[in-house]
4 protein chains.
Amino acid sequence: MYQFQCDYNEGAHPRIMERLIETNLEQTVGYGEDHYCAAAREAVRKAVGREDVDVHFLVGGTQANATVISSILRPYQGVLCATTGHINVHETGAIEHSGHKVLALEAEDGLLSAESIREAVLLHYAEDGPEHMVQPGMVYISFSSEVGTIYSLAQLKAISEVCHEYGLPLFIDGARMGYGLASEGCNVTLADIAALADVFYLGGTKQGALFGEAVVIVNDSLKRDFRYFIKQNGGMLAKGRLLGIQFLTLFEDGLYFQLSEHAVSQAMRIRDAFESKGFGFLVQSPSNQQFPILDNATMERLSSDFLFSFWQKIDDTHTAVRFCTSWATKPEAVDALIAAI
Amino acid sequence: MYQFQCDYNEGAHPRIMERLIETNLEQTVGYGEDHYCAAAREAVRKAVGREDVDVHFLVGGTQANATVISSILRPYQGVLCATTGHINVHETGAIEHSGHKVLALEAEDGLLSAESIREAVLLHYAEDGPEHMVQPGMVYISFSSEVGTIYSLAQLKAISEVCHEYGLPLFIDGARMGYGLASEGCNVTLADIAALADVFYLGGTKQGALFGEAVVIVNDSLKRDFRYFIKQNGGMLAKGRLLGIQFLTLFEDGLYFQLSEHAVSQAMRIRDAFESKGFGFLVQSPSNQQFPILDNATMERLSSDFLFSFWQKIDDTHTAVRFCTSWATKPEAVDALIAAI
Amino acid sequence: MYQFQCDYNEGAHPRIMERLIETNLEQTVGYGEDHYCAAAREAVRKAVGREDVDVHFLVGGTQANATVISSILRPYQGVLCATTGHINVHETGAIEHSGHKVLALEAEDGLLSAESIREAVLLHYAEDGPEHMVQPGMVYISFSSEVGTIYSLAQLKAISEVCHEYGLPLFIDGARMGYGLASEGCNVTLADIAALADVFYLGGTKQGALFGEAVVIVNDSLKRDFRYFIKQNGGMLAKGRLLGIQFLTLFEDGLYFQLSEHAVSQAMRIRDAFESKGFGFLVQSPSNQQFPILDNATMERLSSDFLFSFWQKIDDTHTAVRFCTSWATKPEAVDALIAAI
Amino acid sequence: MYQFQCDYNEGAHPRIMERLIETNLEQTVGYGEDHYCAAAREAVRKAVGREDVDVHFLVGGTQANATVISSILRPYQGVLCATTGHINVHETGAIEHSGHKVLALEAEDGLLSAESIREAVLLHYAEDGPEHMVQPGMVYISFSSEVGTIYSLAQLKAISEVCHEYGLPLFIDGARMGYGLASEGCNVTLADIAALADVFYLGGTKQGALFGEAVVIVNDSLKRDFRYFIKQNGGMLAKGRLLGIQFLTLFEDGLYFQLSEHAVSQAMRIRDAFESKGFGFLVQSPSNQQFPILDNATMERLSSDFLFSFWQKIDDTHTAVRFCTSWATKPEAVDALIAAI
């Protein structure tokens with residue numbers, strides 16, 4: 001049985017595991033103040049192309065989202081996001097648990113538009129008595145999005161501009177940042193992300209690490225006391241060096257980007273195979289997640305040898321499903337899938 | 001200038017004011033444990049037709065909603081409600097502030113359907129891994145709704161049944177309960193409300209009192225320690241007897257219902273006047289709020305003598321506006337408005 | 001039975017009631033944006049002696065405390081306060097409900113010292129890894145305190161200085177501000193309060209109003225969007241003018257201060273009576289709350305004609321109790337009490 | 001430089017690392033639903049001696065504490081704990097962040113007494129109007145405590161009894177459970193813990209794992225929907241099998257207990273060395289944390305070759321410090337320390 005149901009089926013890239021073994025009995029201080037974390041911060045800064053950013057390592061994505069958002073918003077503010085945004089649907093209300101409304105906006109193919117952000121803000125202030133409503137306080141987008149799509153550089157710039165115009169920090173959830181940057185036709189670089197976002201993170205969990213997300217704070221005014229937020233939200237790993245070692249390995253010589261390219265190229269093979277057989281797609285995704293629409297017979301047939309995710313019922317005889325590739329996807333597994341298609 | 005922009009423009013019914021004057025220098029204990037509150041509780045129980053309900057007096061609606069919802073939900077649960085629900089739009093995220101997501105469902109004319117509740121619940125549990133999503137934990141509806149509409153008895157029964165089927169307490173926001181019950185064609189009684197809801201409240205602020213909402217807890221399992229919730233949410237009035245005196249006056253001999261009928265009958269006169277002149281309505285409302293669609297010229301003309309609320313832009317030349325009546329609306333004001341129409 | 005158990009046994013001063021009657025059927029806009037509130041804000045500014053302060057009217061003290069504190073602290077910060085502080089003991093955890101720890105410090109006679117604030121701050125930052133602990137983010141004191149005592153001007157200045165030194169906004173709970181300022185030997189004026197505090201409030205509930213607290217924000221950086229906080233915390237009264245009318249009456253010509261003086265002078269009579277009979281006191285209070293220590297026989301004897309509060313058991317045969325006076329205390333009631341003593 | 005400053009200086013026990021390597025590229029489902037987690041749950045149940053307990057794996061201690069406490073308390077309730085309790089001092093207010101007050105009680109040597117719990121509960125209900133105060137809703141204790149001490153079986157039974165008497169679930173923080181159970185003179189077994197607590201956890205982070213805490217829910221009424229709580233609090237690891245593999249290795253054949261004994265025996269050597277040289281201790285600890293009181297000269301001398309923690313200043317010339325041992329402490333390091341003492 002080959003597993004394509006998500007991008008966190010395996011452990012970590014072997015080089016990470018080796019490094020963890022090598023350093024296992026070394027003694028270091030805790031909570032991210034060790035020399036591996038320091039080196040990893042430097043490696044991330046280099047990859048981002050800026051020395052002036054703060055870098056913090058957290059364990060997981062839900063934690064990273066809740067911690068960052070909690071650090072930005074005032075109590076009466078909410079976060080603008082696509083209705084499909086991860087924080088709106090798949091985090092058990094972690095944002096609301098910290099007191100904030102997720103202000104969900106309709107979005108096409110998982111991508112928020114600058115225009116919809118502007119409208120939401122104008123609508124808020126047009127109201128007679130805006131203080132009766134939750135004030136938009138920041139914007140959350142995902143890169144790549146929850147359905148594999150990516151923003152063009154022009155779209156990102158437009159979003160960033162409207163955010164600046166209205167004083168809304170822009171936060172980019174990068175659980176799949178590498179896969180997004182490596183996606184087909186992407187004209188956005190990590191330097192662009194750092195230039196346009198106020199805060200973003202580089203996902204490790206889905207991109208070669210055992211776990212971990214590297215939060216990068218670009219905007220100076222959002223840097224203060226962030227470690228208090230990490231601790232309060234349960235995200236400060238005692239043996240912080242585990243995160244440092246992983247991100248150092250991923251970023252010191254470009255491994256992160258190589259792994260991302262591998263995953264996307266395997267996904268493109270899957271896409272092409274479905275396409276060539278005439279299958280349609282729920283959404284045109286250029287990255288590591290593919291959403292073909294299968295007839296029931298095909299779905300059943302493929303299920304016997306491959307694990308993939310149910311995504312959305314289309315009609316009585318068709319279903320959109322998800323196939324994910326990752327850094328760990330074996331070309332032979334994709335070969336087998338293509339053969340079956 | 002006649003004011004029709006909301007239903008809380010004036011103070012309180014004169015009988016309430018007299019009672020407050022008469023009792024002003026009497027000494028009583030605080031926090032709702034005085035004899036006026038006791039008598040008011042009895043009067044409300046009588047009006048509701050049940051001796052086994054708990055009655056608590058709170059100062060305002062946002063407070064009542066946040067307090068009740070906070071007392072029902074567990075931290076990972078959310079409240080199902082119409083997208084137009086007051087808690088979803090006009091309470092500055094008070095529900096989220098207490099940690100809970102408002103699970104907004106599309107609704108027609110401000111009314112939630114039993115079917116949409118069922119779908120939301122089924123969708124939640126159909127998910128592979130429902131624990132990644134906020135669990136529906138209760139249902140909130142308004143009677144009358146935020147756009148003046150009311151549920152029929154059949155609709156309410158259907159909602160109550162689906163709530164019982166899935167173990168979801170049903171909470172009815174009754175900020176305009178009297179106006180709802182007195183509305184044209186209403187086949188629901190207060191006894192029905194008490195039979196079908198787990199908790200509801202009888203609004204005072206918009207219905208003849210200076211302020212105050214009487215929360216009625218029907219479901220035994222929701223009664224425990226409710227006073228702690230009131231205090232924690234800042235809703236425990238030190239001079240609680242002020243609430244007792246007001247609700248006693250409203251409920252001891254049916255004043256609440258008489259005032260409601262007055263408001264609705266004046267609203268029907270306004271509706272008929274617009275209708276007879278060929279104006280359309282945003283929604284067919286049988287209660288004290290009316291939403292005619294005005295052309296710009298009419299809107300401007302009426303504005304010079306009457307205050308009413310902007311509600312929604314329909315197109316470049318038409319706007320839906322809101323006219324409210326209340327217990328205090330003078331027939332002569334309505335006469336003037338009708339003449340102007 | 002004469003009631004001395006608290007200072008909110010009665011309704012409101014007759015002049016307030018008259019004003020409410022006079023204005024009862026006037027139509028105004030809601031939520032504190034009416035002309036009475038505007039006039040009341042001006043009257044408060046005049047009393048405070050500063051035109052540059054923001055004034056907001058809330059319904060009650062717990063609400064005012066939770067709203068102000070929530071508007072000042074960041075999520076990982078706590079509020080320094082005396083262990084006896086109202087927010088620490090008698091508000092059902094409203095502060096914690098909004099996410100913040102109350103950092104309680106030992107205090108003598110209900111009064112926090114500048115030195116204990118400094119120590120708490122230094123202790124926090126001395127820690128290796130302060131981010132593992134709640135950061136002190138502001139200071140809360142009460143004037144007069146929960147046990148009737150007051151800060152001298154020198155004490156207040158010292159507290160204010162240490163607050164400025166460490167960037168901690170100083171918030172003064174003034175539920176009994178008038179009684180504090182009118183207390184025997186007080187060398188603090190309302191202008192001093194406004195000069196030394198960042199935010200404070202003038203209590204109405206215990207000082208002649210039916211209810212209401214006037215929050216005064218002095219520090220510009222704390223003024224932004226405060227109305228959102230009021231609404232979110234359930235403190236925005238629909239018929240806001242009720243608060244405006246009350247505070248206008250109390251402050252337009254000094255009534256607030258006259259009523260305070262009355263209460264304190266009656267309390268001093270009670271104090272002197274106990275003192276002259278050789279009774280000791282739990283604490284030397286110069287304001288409207290007195291805490292004599294009674295032997296059991298006296299306590300029982302007085303109970304038959306007077307209501308007062310149990311405060312603290314001293315030993316098997318003695319108990320500290322509380323007698324409160326207020327704006328409404330009748331001299332004859334005090335005469336009767338003195339006779340009984 | 002030998003490090004004794006905490007018990008999480010190293011990675012994980014080599015058998016855990018081997019297992020992680022072996023399984024690294026295996027594909028499994030996520031979020032703790034894989035077969036390793038299932039096997040680890042069984043191993044924990046066996047170690048605990050009960051088949052009827054629920055076992056959940058979380059990443060860290062602060063997270064585990066906040067998640068468990070959030071799952072037990074109603075919004076107006078607080079958690080009784082020693083003033084020295086980890087949740088009261090070193091978790092940046094994570095408990096308050098979830099809305100609850102930590103009701104800190106004075107405790108001797110880090111141990112809460114049954115009597116102090118009873119007093120706190122009685123004091124709460126003795127109050128006239130207990131709803132103005134936070135209601136005690138559960139009890140939190142640590143085993144071993146934050147200062148290395150342990151409860152005797154009699155003490156634990158007394159606490160459990162008073163908890164049952166007043167309906168307060170008992171939660172035991174077992175970040176150092178193994179070290180506690182292995183401590184000198186301990187007459188408590190893991191079976192006792194499971195019989196007396198409603199919920200507890202077995203710490204992995206400090207006891208041989210890279211990270212991880214195994215929460216064991218004994219009380220049936222606390223089991224429902226716990227996975228929602230884990231997810232909402234950011235504690236659901238995507239690659240959950242990492243936790244499963246670690247706890248399986250620790251518990252399948254008693255490794256956890258062997259490692260604990262090793263750490264305690266090394267700590268006893270350190271204790272004896274200090275004792276034999278006439279040093280006093282801040283507290284008599286029978287477990288892996290030792291708190292000798294050093295004169296300044298000795299402190300400085302030892303600092304040149306050993307890392308240990310500052311704990312508390314005793315007087316101008318003496319300081320209490322902390323030396324920790326762990327599963328990874330090398331006897332040679334202890335030899336060196338003893339020689340230096």
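Residues numbered from 1 in each chain as written. Chains lettered and ligands numbered in written order. Predicted model: local features only at pLDDT ≥ 70, side-chain atom pairs only at ≥ 80, totals over all residues.

### Considerations on the overall build of chain A
Our working definition: Each helix is a run of DSSP H or I of at least 4 residues and each strand a run of E of at least 2, with the numbering of both proceeding from the N terminus. Note that the radius of gyration is over C-alpha atoms, with the globule rule given as 2.2 Å times the number of residues to the power 0.38. Any residue surrounded by 20 or more other C-beta atoms within 10 Å of its C-beta is treated as buried, while 12 or fewer makes it exposed and the intermediate range makes it partly exposed; C-beta atoms here are placed from the backbone. By the criterion used throughout, residues are in contact when their C-beta atoms, derived from the backbone, lie within 7 Å.
Within chain A, the regular secondary structure consists of 14 helices and 13 strands. Computed over the C-alpha atoms, the radius of gyration of chain A is 20 Å, within 12% of the 20 Å expected from 2.2 N^0.38 for a compact globule of 341 residues. Principal axes of the C-alpha set define a box for chain A whose edges measure 60 × 55 × 35 Å. Taking all 341 residues of chain A together, 57% fall into the buried category. Put simply, 74% of the contacts in chain A that link residues at least 6 apart link residues at least 24 apart.

### Notes on the interface of chain D and chain A
Interface extent is often summarised as the accessible area lost during association of the parts. We apply this condition: Think of it as three bins: nonpolar holds Ala, Val, Leu, Ile, Met, Phe, Trp, Tyr, Cys and Pro, charged holds Asp, Glu, Lys and Arg, and polar takes everything else, Gly as well.
With 39 residues of chain D at the interface, the matching set in chain A holds 39 residues. When contributions to the side of chain D that touches chain A are tallied by element, the ones reaching two or more residues are helix H1 (14-22), helix H3 (61-72), helix H5 (94-97) and helix H10 (226-232) of chain D. Grouping the constituent residues of the side of chain D that touches chain A by class yields 17 nonpolar, 19 polar and three charged.

### Some points on the relation of the copies chain D and chain A
Spelled out, the test is: Copy-to-copy alignment: least squares on C-alpha atoms, limited to residues at pLDDT 70 or above in both.
For these two chains of identical sequence, chain D goes onto chain A by a turn of 180° and a shift of 0.0 Å along the axis, with RMSD 0.0 Å. Taken together, the rotation and translation describe the operation of a two-fold axis. In this assembly, 100% of the residues forming the interface of chain D have copies in chain A that are likewise at the interface, indicating an isologous arrangement.

### Overview of the pairing of strand S8 (residues 213-217) of chain A
Residues and elements named next belong to chain A. Stated formally: Two strands qualify as a pair provided DSSP detects at least 2 bridges between them.
Summarising burial for S8: five of the five residues are buried, a large majority. In S8, alternate side chains face the same way, and those of Glu213, Val215 and Ile217 on one face and Ala214 and Val216 on the other are all buried. Summarising the sheet, strand S2 (residues 54-58) and S8 pair through five bridges and their orientation is antiparallel. Across the sheet, Asp54 pairs through a bridge with Ile217, a residue of S8. Judged from the five bridges that link them, strand S7 (residues 199-203) and S8 form a sheet pairing that is antiparallel. Its bridge partner being in S8, Leu202 is matched across the sheet by Ala214.

### As for the relation of the copies chain D and chain B
For the pair chain D and chain B, the superposition axis carries a translation of 0.0 Å, the fit reaches an RMSD of 0.0 Å, and the rotation angle comes to 180°. Here 100% of the interface residues in chain D have copies in chain B that are interface residues too; the copies meet face to matching face.

### Here we look at the packing of helix H1 (residues 14-22) of chain C against helix H11 (residues 241-251) of chain C
The relative placement of two packed helices is expressed as an angle between their axes plus a distance between the axes. Residue and element names in this part refer to chain C. In plain terms, the rule: The axes are straight lines fitted to the C-alpha atoms, using for helices just the contacting stretch, and the angles between their N-to-C directions are given from 0 to 180°. Should an angle lie under 35 degrees it is considered roughly parallel, over 145 roughly antiparallel, and from 65 to 115 roughly perpendicular; all remaining angles are considered oblique. Helix crossings fall into two classes, left-handed where the near helix is turned counterclockwise from the far one by less than a right angle and right-handed where it is turned clockwise.
Taken N-terminus to C-terminus, the directions of H1 and H11 make an angle of 140°; their axes are 9 Å apart at the nearest point. In terms of orientation, H1 and H11 fall into the oblique class. Considering how the two elements wind past one another, H1 and H11 form a crossing that is right-handed. Across the interface between the two elements, Arg15, Ile16, Arg19 and Leu20 from H1 touch Ile245, Gln246 and Thr249 from H11.

### Quick notes on the environment of Lys277(B)
Residues and elements named next belong to chain B. Looking at the secondary structure, you find Lys277 in the loop between helix H12 (255-276) and strand S9 (289-290). Take Lys277: there are 11 C-beta atoms within 10 Å of it, and that puts it in the exposed class. Measuring from C-alpha to C-alpha, the distance between Lys277 and Ile341 comes to 7.6 Å, with 64 residues separating the pair along the chain.

### Remarks on the sheet that holds strand S5 (residues 135-142) of chain B
All names here are of chain B. Spatially, S2-S8-S7-S6-S5-S3-S4 is the arrangement adopted by the seven strands of the open sheet, whose pairing is mixed. The sheet is open, and its two edges are formed by strand S2 (54-58) and strand S4 (102-105), each paired on a single side. The mean angle between the axes of side-by-side strands here comes to 25°, regardless of whether they run parallel or antiparallel.

### As for the interface of chain D and chain B
Contact residues are listed per partner, giving 15 residues for chain D and 15 residues for chain B. Considering every element that reaches the side of chain D that touches chain B, the biggest residue donor is H10(D), with five residues. Across the side of chain D that touches chain B, the residue classes break down as five nonpolar, six polar and four charged.

### Some remarks on the confidence of the model for chain A
How we decide: The predictor reports its confidence for every residue as pLDDT, a score running from 0 up to 100.
Mean pLDDT over chain A works out to 97, with 100% of the residues at or above the 70 mark. The ipTM, which scores confidence in the relative placement of chains, is 0.96 for this predicted complex, and the corresponding pTM is 0.97.

### Digging into the environment of Ile293(D)
Residues and elements named next belong to chain D. For Ile293, the location among the structural elements is in strand S10 (residues 293-295). According to the C-beta neighbour criterion, Ile293 is partly exposed, with 19 such atoms within 10 Å. Taking the C-alpha atoms as reference, Ile293 lies 7.9 Å from Ile314; in sequence the two are 21 residues apart. Those residues in contact with Ile293 that sit more than four places away from it in its chain are Phe279, Gly280, Phe281, Leu282, Ile314, His318 and Ala320.

### Structural notes on unusual backbone geometry
Here Phe143(B) and Ser144(B) are connected by a cis peptide whose omega angle stands at -10°. Tracing the chain through its elements places Ser144(B) in the loop between S5 and helix H7 (153-166). Here Thr92(A), not a glycine, exhibits a phi torsion of approximately 50°, which is positive. For Tyr31(B), which is not a glycine, the phi torsion comes out positive at approximately 60°. Its place among the elements puts Tyr31(B) in the loop between helix H1 (14-22) and helix H2 (35-48). C-beta crowding within 10 Å serves as the criterion here: with 20 such atoms nearby, Tyr31(B) is assigned to the buried category.

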